[in-house]
Amino acid sequence: MTKKTYVIRDSDGRYYRSFCDGFFATVHSQVLVTDTTEIKKARKFRSLRWATHRAKFLSINAFGYYYIFEIIENGSEPLLQIRNKDIIDRIRNSDDETTREIERIITKWKAEHGLD
């Protein structure tokens, strides 16, 4: 039996390769991600736990959401099966709640200062 292999892919369809700290860059995210459009150049993980940890970290600290796919060998072209959709949905819901709260605070501040 072959070992399972996982890759991380963002919501735009690009595969994760590596990341670095965005300390000197003027970007709106904490980390900068190097990605590729080819699955052969993507970083592959042997552990679902480690891939989940990395995808969660990237989804929180980078721009966008990252999904884990299991690579299933099927002849010449591999098939991808998503593995962490529920975790990303929880992060996305948390982001939506935070955005709504920020918008509520801004609206309240504008109303208090007569800027409506």
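Trainee: Which residues make up helix α1 (residues 48-61), and what values do they have?
Mentor: The first and last C-alpha atoms of α1 sit 20 Å apart over 14 residues, in line with the 20 Å expected at 1.5 Å per residue. Taken together, the buried positions of α1 are occupied by A51, T52, R54, A55, L58, S59 and N61. For α1, the elements touching its buried residues are β1 (5-10), β2 (15-21), β3 (31-36), β4 (44-45), β5 (66-72) and α2 (85-112). The backbone nitrogen of R49 has a side-chain oxygen 3.3 Å away, supplied by the residue at the start of α1, namely S47.

Trainee: Hey, could you go over the packing of aromatic side chains for me, with residue numbers and the actual values?
Mentor: In this structure the tally under the stated criterion is two aromatic pairs. With 6.3 Å between their ring centres and 15° between their planes, Y16 and F45 make a pair best called stacked. You can see Y16 sitting in strand β2 and its partner F45 sitting in strand β4, a full 29 residues away along the chain. Grouping residues by exposure puts Y16 and F45 together as buried. Judged by centre distance (5.1 Å) and plane angle (50°), the rings of F19 and F57 are tilted. Here the residue F19 occupies a position in strand β2, and F57 occupies one in helix α1, the gap between them amounting to 38 residues. In this structure, R9 packs its charged tip against the face of F69, placed 4.8 Å from the ring centre.

Trainee: Report on the environment of E103, specifying residues and quantitative values.
Mentor: With respect to the secondary-structure elements, E103 resides in helix α2. Note on E103: relative accessible area 48%, which makes it partly exposed.

Trainee: Please give an account of the pattern of salt bridges that cites residues and values.
Mentor: Tallied over the entire structure, the rule returns four salt bridges. Between D35 and R14 there is a salt bridge; the shortest N-O distance is 2.9 Å. Separated by 21 residues along the polypeptide, D35 in strand β3 and R14 in the loop between β1 and β2 bring together distant segments of the chain. According to the relative accessible area criterion, R14 is partly exposed, its value standing at 31%. In this structure, R104 engages E101 in a salt bridge whose closest nitrogen and oxygen atoms are separated by 2.5 Å. Placement of both R104 and E101 in helix α2 is noted, with a separation of three residues, approximately one turn of the helix. Its relative accessible area of 45% is what places R104 among the partly exposed residues.

Quick notes on the rules
- Residues numbered from 1 in each chain as written.
- Predicted model: local features only at pLDDT ≥ 70, side-chain atom pairs only at ≥ 80, totals over all residues.
- Heavy atoms only, no water.
- Helix = DSSP H or I, 4+ residues; strand = E, 2+ residues; numbered from the N terminus.
- Expected span 1.5 Å × (residues − 1).
- Buried < 20%, exposed > 50% of the residue type's maximum accessible area, 1.4 Å probe, protein only.
- Contact = heavy atoms within 4.5 Å.
- Polar contact = N/O pair within 3.5 Å; in protein donor to acceptor, adjacent residues only side chain to side chain.
- Phe/Tyr/Trp six-rings, centres within 6.5 Å; stacked < 30°, edge-to-face > 60°.
- Lys NZ or Arg CZ within 6 Å of the ring centre and 35° of its normal.
- Salt bridge = Lys/Arg side-chain N within 4 Å of Asp/Glu carboxyl O.

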